[in-house]
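Report on the structure
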Amino acid sequence: MEKWYVAAKKEDFNAWARQFHISPVVARIIRNRDLTKETDVRKFLYGTLEDCYSPWLLKDMEKAVDAICAAVEEGVSIRVIGDYDVDGICSSYILTRAIQTLGGEVDTAIPHRIHDGYGLNEHLIEEAKEDGIGMIVTCDNGIAAAPQIALANSYGMKVIVTDHHEVPYLMKEAADTCEESAVVRRELLPPALAVIDPKQDQCTYPFSGICGGVVAYKLASALRERTQCAALGEIMEELLEFAALSTVCDVMILQDENRILVKEGLQRMRHTRNLGIKALMEVNGIEPDKLSAYHLGFIIGPCLNATGRLDTANRALEMLQSRTQREAMTAAAELKELNESRKNLTLQGVKDAERLIEEEHMAEDKVLVIYLPGVHESVAGIIAGRIREHHNHPVFILTRGEDGVKGSGRSVEGYHMYASMTEVKQYFTKFGGHAMAAGLSMKEEDIPALRRELNERCRLKEEDFIPKVHIDVPMPLGYANEQIAQELELLEPFGVGNPKPLFAQKNLVFRSGHRMGANRNFARFQVRTPEGEEKQLVFFGDPEAFEDFLEKKYGPEASRLLYSGRGNFEVSVVYQLGKNTYRGRTELQYVMQYYA
């Protein structure tokens, strides 16, 4: 069962309400997003692209722009090397399109998930040499590819790294001023001509939480500023769409400039001129004017990801580069079909993982290390995410690859996955990632030792594994009116770091209900508030689990009585407030999220 917390952060909410023309309820929600300064609140509510940071604040941006401009002018062959996930595909599209528009001789290479693995490898460097490439520009990878970049350097190729992942480091002893030894962290930067990564210690960029697509977008922006190329200026709005898509799909925190970039990118994507994105929306039945961050993260993004998982991500890139509607529609239909196959593989993998957790008594582990040799390695990350959601533990899903074991990890609040992996790096042949997610390669015989040592070193306590529900405002349903629902739209887009607000009310009386949907997998309930008002609650969770809860609390006849309209059961709920439009009619919607 979850543990509920009511946010209690202090501020003069009435003053904020007057100043920013919002209700005190919405002012409280904004404060719960850790905003305290008036300038930050104004930026959160009304920020525009002008409030985003200059690309020149990124370390080595000047070097990268100088080198790319010189390469374009001299006719040097440039290869953009990305990654096979949405962030890698989008950042590849951004940089390739920008350099092409400047007149550069440029092509793109995206590693094959199974044959190449993540990021730069020797094979890609050798291939670039054979093809006469003079410059490599990485995107969404490269920060951990020091040996491969050194190889490229030995062949006379110049390398520019654009990435957003954690910088590899060594812990070493150093003498401090008191002549006592101290352990310090030393970064291991690759020997590239320029390294653009906001995670570098010496990078003073104000917000390090940007993804690879945004780093690529910033480089494109700097190239436009330097060259004053009108054609590049004309496509910057399209490139912004891909920076927004990257941000959502790479699960970046939707605060600071990320929030602005996604908000502005969504506005443009609703009227996109990119034939590939248009086609993906059409085959998935998405109405452009209703496009939201949800559609990016759970429909469009997974379709792009499916190519890198089950085929080659080049298919997704080719779709985005489509020149005709017919070409785009054909590719989009194939991507949708691949995504359906990916869903089936994921469902089976989750079942296998749950079975193994039970058979090997992993429920007692703090960190779940699950080896599923028969699972397709491309869905390991998704399976890890599902298991993490169910058990609220850090999870590693390992599979058998062509060259040993490969795996993906997904973490929980309070467990920095990359830092924890660095502590046991002797078990990995290759690894990388950040606080909440990571990828790895290792030997099969080291799996038991990895499981043991990760758990021995894990500093999480039992209370850390209880899911936490952070309630923004305890608010009666009767107070949750149309004005507040309208104001909540100012807080969009919602996502990590800016979740959809949660409200709570105690002692609602559940009087009747009925299952809904083609598979009867959600429900609608009639409830009476303590003030005597009649309201409707919608529940998109697990109706059977809710029925079990009622029967344990009120007896075995409770759910039957409820569905027959004779319910009289007090339940406290956490809910979300929104609007629902059906057949041209818009009404308030109260959506139950948790109950107790």
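Preceding block: the structure.
Our subject in this report is the structure included herewith. The shown structure was predicted, so the numbers you read here are calculated from the model rather than taken from an experiment. (Residues numbered from 1 in each chain as written. Predicted model: local features only at pLDDT ≥ 70, side-chain atom pairs only at ≥ 80, totals over all residues. Heavy atoms only, no water.)

Attention shifts here to the overall build of the protein. Helices and strands together make up the secondary structure of the protein, namely 20 helices and 20 strands. The C-alpha atoms of the protein give 26 Å as radius of gyration, which agrees with the globular expectation for 596 residues (25 Å, within 12%). Dimensions of the protein, computed from the C-alpha atoms along their principal axes, are close to 80 × 65 × 55 Å. A total of 596 residues make up the protein; the buried ones form 53% of that total. Looking at the protein alone, contacts between residues at least 24 apart form 66% of all its contacts between residues at least 6 apart. (Helix = DSSP H or I, 4+ residues; strand = E, 2+ residues; numbered from the N terminus. Rg over C-alpha atoms; globule rule 2.2 N^0.38 Å. Buried < 20%, exposed > 50% of the residue type's maximum accessible area, 1.4 Å probe, protein only. Contact = heavy atoms within 4.5 Å.)

Moving on to the nonpolar core. Soluble globular proteins tend to pack their nonpolar side chains together in the buried interior. With 82 residues, the main nonpolar core has Ile68, Leu219, Leu239, Leu245, Ile300 and Leu304 as its most contacted residues. Sequence-distant contacts of Leu304, that is, excluding residues within four places in its chain, are made with Val86, Ile89, Leu245, Leu280, Ala316, Met319, Leu320 and Leu335. (Core = buried A, V, L, I, M, F, W, Y, C linked by side-chain atoms within 4.5 Å.)

Across the sheet, five strands lie side by side as E3-E2-E4-E5-E8; this open sheet has parallel pairing. The two strands at the open ends of the sheet, each matched to only one other strand, are strand E3 (105–109) and strand E8 (194–196). Neighbour-to-neighbour, the strand axes of this sheet turn through a mean angle of 20°, independent of strand direction. (Pairing = 2+ DSSP bridges. Axes fitted to C-alpha atoms, helices over the stretch in contact; angles between N-to-C directions.)

This brings us to the packing of helix H8 (residues 212–227) against helix H9 (residues 230–249). Running from N to C, H8 and H9 point in directions that differ by 165°, and their axes come no closer than 8 Å. In terms of orientation, H8 lies roughly antiparallel with respect to H9. In this structure, H8 meets H9 at a crossing whose hand is left-handed. Along the contact surface, H8 presents Gly213, Val214, Tyr217, Ala220, Ser221, Leu223 and Arg224, while H9 presents Leu232, Gly233, Met236, Leu239, Leu240, Ala243, Ser246 and Thr247. (Parallel < 35°, antiparallel > 145°, perpendicular 65-115°, else oblique. Left-handed = near helix turned anticlockwise from the far one by under 90°.)

Next up on the list: the pattern of salt bridges. Evaluation of the coordinates by the stated rule reveals 31 salt bridges. Bridged by salt links that share partners, the residues Glu423, Glu453, Arg457 and Arg459 form one connected network. (Salt bridge = Lys/Arg side-chain N within 4 Å of Asp/Glu carboxyl O.)

Turning next to unusual backbone geometry. The residue after Glu492, namely Pro493, is reached through a cis peptide bond having omega 0°. With respect to the helices and strands, Pro493 occurs in the loop between helix H18 (482–488) and strand E16 (503–516). For Gln228, which is not a glycine, the phi torsion comes out positive at approximately 55°. Within the element layout of this structure, Gln228 appears in the loop between H8 and H9.

For the rest of this paragraph, the subject is helix H15 (residues 380–391). An α-helix turns once per 3.6 residues; consequently, residues spaced three or four apart project the same way. The first and last C-alpha atoms of H15 sit 16 Å apart over 12 residues, in line with the 16 Å expected at 1.5 Å per residue. One or two residues past the end of H15 sits Asn392, with phi positive at roughly 55°. (Expected span 1.5 Å × (residues − 1).)

The residue Ser246 is located in helix H9 in this model. Overall, Ser246 belongs to the buried group, its relative accessible area being 0%. Within polar-contact distance, the side chain of Ser246 engages the side chain of Asp87 at 3.2 Å. Those residues in contact with Ser246 that lie beyond four places of it in its chain are Val86, Asp87, Cys90, Ser91, Cys211 and Gly213. (Polar contact = N/O pair within 3.5 Å; in protein donor to acceptor, adjacent residues only side chain to side chain.)

With that out of the way, let us pick up the environment of Lys553. By secondary structure assignment, the location of Lys553 is in helix H19 (residues 543–554). Relative accessible area serves as the criterion here: at 42%, Lys553 is assigned to the partly exposed category. Taking the C-alpha atoms as reference points, Lys553 and Gly541, separated by 12 residues in sequence, lie 19 Å from one another. Discounting residues that sit within four places of it in the chain, Lys553 has contacts with Glu570 and Ala596.

Here we come to helix H6 (residues 122–130). Looking at H6, one finds that the buried residues are Leu124, Ile125 and Ala128. All buried residues of H6 lie within an arc of 100° about the axis, which places them on one face of the element. Tucked inside the fold, the buried residues of H6 contact strand E2 (77–81), strand E4 (135–139) and helix H7 (146–154). A distance of 3.1 Å separates the backbone nitrogen of His123 from a side-chain oxygen at the start of H6, and that oxygen is part of Asn121. Looking one or two places after H6, you find Gly132, whose phi comes out positive at around 75°. (Arc of directions from axis to C-beta.)

The next subject is the environment of Asn14. Mapped onto the secondary structure, Asn14 falls in helix H1 (residues 13–20). Overall, the relative accessible area of 45% leaves Asn14 in the partly exposed class. For the pair formed by Asn14 and Arg28, sequence separation is 14 residues and the distance between their alpha carbons is 9.4 Å.

With that settled, consider the state of the cysteines. Under the counting rule described, the total for this entry stands at zero disulfides. There is no disulfide at Cys203, and the cysteine sulfur nearest it, in Cys211, is 15 Å away. (Disulfide = S-S within 2.5 Å.)

Let us now look at the sheet that holds strand E11 (residues 404–410). What links the strands of a sheet is backbone hydrogen bonding, and the strands pair in either a parallel or an antiparallel sense. One open sheet accounts for five strands, arranged E9-E10-E11-E13-E12; its pairing is mixed. Of all the strands in the sheet, the pair left with one neighbour each is strand E9 (368–371) and strand E12 (428–433). Adjacent strand axes in the sheet meet at a mean angle of 15° when their direction is disregarded. With seven bridges connecting them, strand E10 (residues 395–401) and E11 associate as antiparallel partners. Opposite Val395, over in E11, you have Arg410 as the bridge partner. Relative to E9, helix H14 (residues 325–359) is tilted by about 115°, and along the sheet it contacts E9 and E10. Against the sheet, helix H17 (residues 447–457) contacts E9, E10, E11, E12 and strand E13 (437–442), and its axis sits at roughly 165° relative to E9.

Here we come to a nonpolar patch on the surface. A cluster of nonpolar side chains, Val251, Ile253 and Val496, forms an exposed patch at the surface whose accessible area comes to about 230 Å². With respect to the secondary-structure elements, Val496 resides in the loop between H18 and E16. The exposure class assigned to Val496 is partly exposed, which follows from its relative accessible area of 42%. (Patch = residues over 30% accessible without salt bridge, like charges linked within 9 Å, V, L, I, M, F, W, Y side chains within 5 Å. Areas by Shrake-Rupley, 256 points an atom, 1.4 Å probe, with all protein chains shown as cover.)

Here we come to the packing of helix H4 (residues 61–74) against H8. The geometry of H4 relative to H8 is characterised by a closest axis approach of 10 Å and an angle of 65° between their N-to-C directions. Pair H4 / H8 crosses with right-handed handedness. Where H4 approaches H8, its residues Met61, Glu62, Ala64, Val65, Asp66, Ile68 and Cys69 are matched on the opposing element by Lys218, Leu219, Ala222, Leu223, Arg226 and Thr227. Residues that form the contact of H4 with H8 fall into these classes: eight nonpolar, one polar and four charged. (Nonpolar A, V, L, I, M, F, W, Y, C, P; charged D, E, K, R; others polar.)

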